[in-house]
Amino acid sequence: MNFAGRLILGILAVIVVVIVTLVTSAELSLRRHLEQDIRNTLEREARLIAQVLPVDSLEWQSAVMEMARETELRVTLIDRDGRVVAESDEPAEAVPRIENHGGRPEVAAAIAGRTGSDRRVSATLNRPLLYVAIPGGPGVVRVAAPLIGVDEIVRRAQASIFNAAALALLLGLIFAFIASRSVARPLTGIRQAARAIADGAPPHFPHSGIPDIDGVVRSLREMHVQLEERFTELKRERAESEALVESMAEGVIAAEGTGRIVTANAAARRLLGYETDETLPALDQLFRVKAAREMVDALLAGRPAPERELELDGHTILLSGRALPHGGALLVLHDVTDLRHLETVRRDFVANVSHELKTPLTSISGYAETLVNDPPDEETSRRFLHVILTNARRMQRLVDGLLDLSRIESGGWRPEPESLDAGQAAREVWTLMADRAAQRQVSFDTRIEPGAERVYADPDAFRQVLTNLLDNALRYTPAGGRITLGLRRSDDGVQVGVKDTGAGITSEHLGRIFERFYRADASRSRDEGGTGLGLAIVKHLVEAHDGRVEARSEVGRGTEILSWFPDSSEAVARL
């Protein structure tokens, strides 16, 4: 409802309240004065009746009936025990059956020696009466008069007051309408100007000629100018803050004291698994991890909480936060998954390199000390020198492999692909291993499907891939086994697969065999002279060609390593 309507209703409400108050107070006052006049009259009549009562009690019934006819009042004589001895509204034979009146308020007061009165509906006559009782006669003389006349007078007075009130209400309505129009018009203009300011539209400020309202208009105009300046500054600062928060790599979440999230940047949503337009739950329901929930509860309660490292959906998150001064909390989520992985890789790398170098160094040192301190015979010396040479070569292969990996990972090496005869390259590589294979009675097959005869790859890199794969297969293939090299077309490229008939690899190890120094069977690999870097080098060389590698294995049936090299057109576009 607008201001004019409210003003009219307000004035009408005041008038109605005043009228109701006047009518009610007038009715009560008039009724009270009329009843008091009747009470005084009844008391005088009761005292007159008490003076003229016959001495003979047998004449009391006829006397009260005569007095009632003359005064048009109800007259009752009651003894001090409360028994009715004469009643003007009952025949003489019915008087003894009237109930005891000792408990009636006016009767009890008269028996006690005071003048008593009461207003109630008569149980005998079933109509409202005003009773007045005084000490006298047999004990109490009570006189009662109906109040119908009082109600009629009050109703006529109320009708007169209501007619006057209706006229006053009509005049008040006219006045309220005129006043509301003169006051509400400029206020409506002010409201429209304030709405325009809120909507960002140009406001129109009214002129009313009323000093107080014009003062409000001037203040509103000044406020509009200041708000424009402050809003412009706030928008600029907010845009800068939002851009800064959104560009942060760390997740940032800000929440009110109730837990409602007011800010969550893209990094926070990504780490928590929420889309950009998805509504976030309250802060105390955002995390499923107990440690995070405890931290949130502490911050929302205004207590400090130390940073904690959590595992969330496969990510390692460093969670820190602080309670805001006026309630709420600010959380920062830092994804340290890569950092922790790098730390693990670094520790594993140092440990593995140390272990891989320690074994041959120990052998070299031990045999060399023996040769220096206690020279054996020529045959033994030759055997010791062979062991030293073998371990030195093993260390050389390890260092060469590490250097190759470092060169590939650092970008210091780029493949120079060209079209190769894959079958010819495979046979050349296998020739270098033929003697070892013959000693172990391991056969070699080549299966080349139509269209897969040529591979687009760097020649040296392709031969190193085949060398590592075939050497690895030969190392794990038992005597009498078989190694198969398969080439086939696949997904706009050539798939190179090397399959052996060895013991196979369990699923828990299969996903990690391309990690450096990782061995599914460490003891056997070292016995065979492996460095633990072959498959890692294969993976990096193939991926440098924008290809991919995959391992498949069944325990007891062998392992197959698949390398996919893209065709020249696709590879050239990506390289």
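Residues numbered from 1 in each chain as written. Predicted model: local features only at pLDDT ≥ 70, side-chain atom pairs only at ≥ 80, totals over all residues. Heavy atoms only, no water.

(A) Geometry of helix H5 (residues 211-247). Given a rise of 1.5 Å per residue, 37 residues ought to cover 54 Å, and the 53 Å separating the end C-alpha atoms of H5 matches this to within 8%. For H5, the complete set of buried residues consists of Ile213, Asp214, Gly215, Val217, Leu220 and His224. (Helix = DSSP H or I, 4+ residues; strand = E, 2+ residues; numbered from the N terminus. Expected span 1.5 Å × (residues − 1). Buried < 20%, exposed > 50% of the residue type's maximum accessible area, 1.4 Å probe, protein only.)

(B) Quick peek at unusual backbone geometry. Phi at glutamate 72 is positive, roughly 55°, even though this residue is not glycine. Among the structural elements, glutamate 72 can be located in the loop between helix H2 (60-71) and strand E1 (74-79). The phi torsion at aspartate 546 lies on the positive side, around 65°, for a residue other than glycine. By relative accessible area, which is 25% here, aspartate 546 ends up partly exposed.

(C) Structural context of the packing of aromatic side chains. The full count for this structure, using the stated rule, is 3 aromatic pairs. Both rings, one in tryptophan 430 and one in phenylalanine 444, keep their centres 4.3 Å apart while their planes meet at 15°; by these two values the pair is stacked. Of this pair, tryptophan 430 sits in helix H10 (residues 422-431) while phenylalanine 444 is found in strand E12 (residues 443-448), placing the two residues 14 residues apart along the sequence. Note on accessibility: tryptophan 430 and phenylalanine 444 belong to one class, buried. Judged by centre distance (5.5 Å) and plane angle (70°), the ring pair of phenylalanine 462 and phenylalanine 565 falls under edge-to-face. Taken together, the residues phenylalanine 462 in helix H12 (residues 459-476) and phenylalanine 565 in strand E17 (residues 558-566) connect sequence positions 103 residues apart. Each member of the pair, phenylalanine 462 as well as phenylalanine 565, is classed as buried. Just above the ring of tyrosine 131 sits the side chain of arginine 120; from NZ or CZ to the centre is 4.3 Å. Here the basic side chain of arginine 548 rests over the ring of tryptophan 564, its NZ or CZ set 4.4 Å away from the ring centre. (Phe/Tyr/Trp six-rings, centres within 6.5 Å; stacked < 30°, edge-to-face > 60°. Lys NZ or Arg CZ within 6 Å of the ring centre and 35° of its normal.)

(D) A look at the packing of H10 against H12. Contact geometry for H10 and H12: axes closest at 9 Å, N-to-C directions at 50°. Comparing the axis directions of H10 and H12 gives the class oblique. Handedness of the crossing formed by H10 with H12: right-handed. In this structure, H10 contributes Ala422, Ala425, Ala426, Glu428, Val429 and Trp430 to the contact, and H12 contributes Phe462, Arg463, Leu466, Thr467, Leu470 and Leu474. Class assignment of the residues belonging to the contact of H10 with H12 gives a composition of 9 nonpolar, 1 polar and 2 charged. (Axes fitted to C-alpha atoms, helices over the stretch in contact; angles between N-to-C directions. Parallel < 35°, antiparallel > 145°, perpendicular 65-115°, else oblique. Left-handed = near helix turned anticlockwise from the far one by under 90°. Contact = heavy atoms within 4.5 Å. Nonpolar A, V, L, I, M, F, W, Y, C, P; charged D, E, K, R; others polar.)

(E) Representation of the packing of H12 against helix H15 (residues 534-544) within the structure. Between H12 and H15, the shortest axis-to-axis distance is 9 Å and the interhelical angle comes to 150°. The orientation of H12 relative to H15 falls into the category roughly antiparallel. Judged by the twist between their axes, the crossing of H12 over H15 is left-handed. Of H15, the residues touching H12 (which contributes Ala461, Gln464, Val465, Asn468, Leu469 and Asn472) are Gly534, Leu535, Ile537, Val538, Leu541 and Val542.

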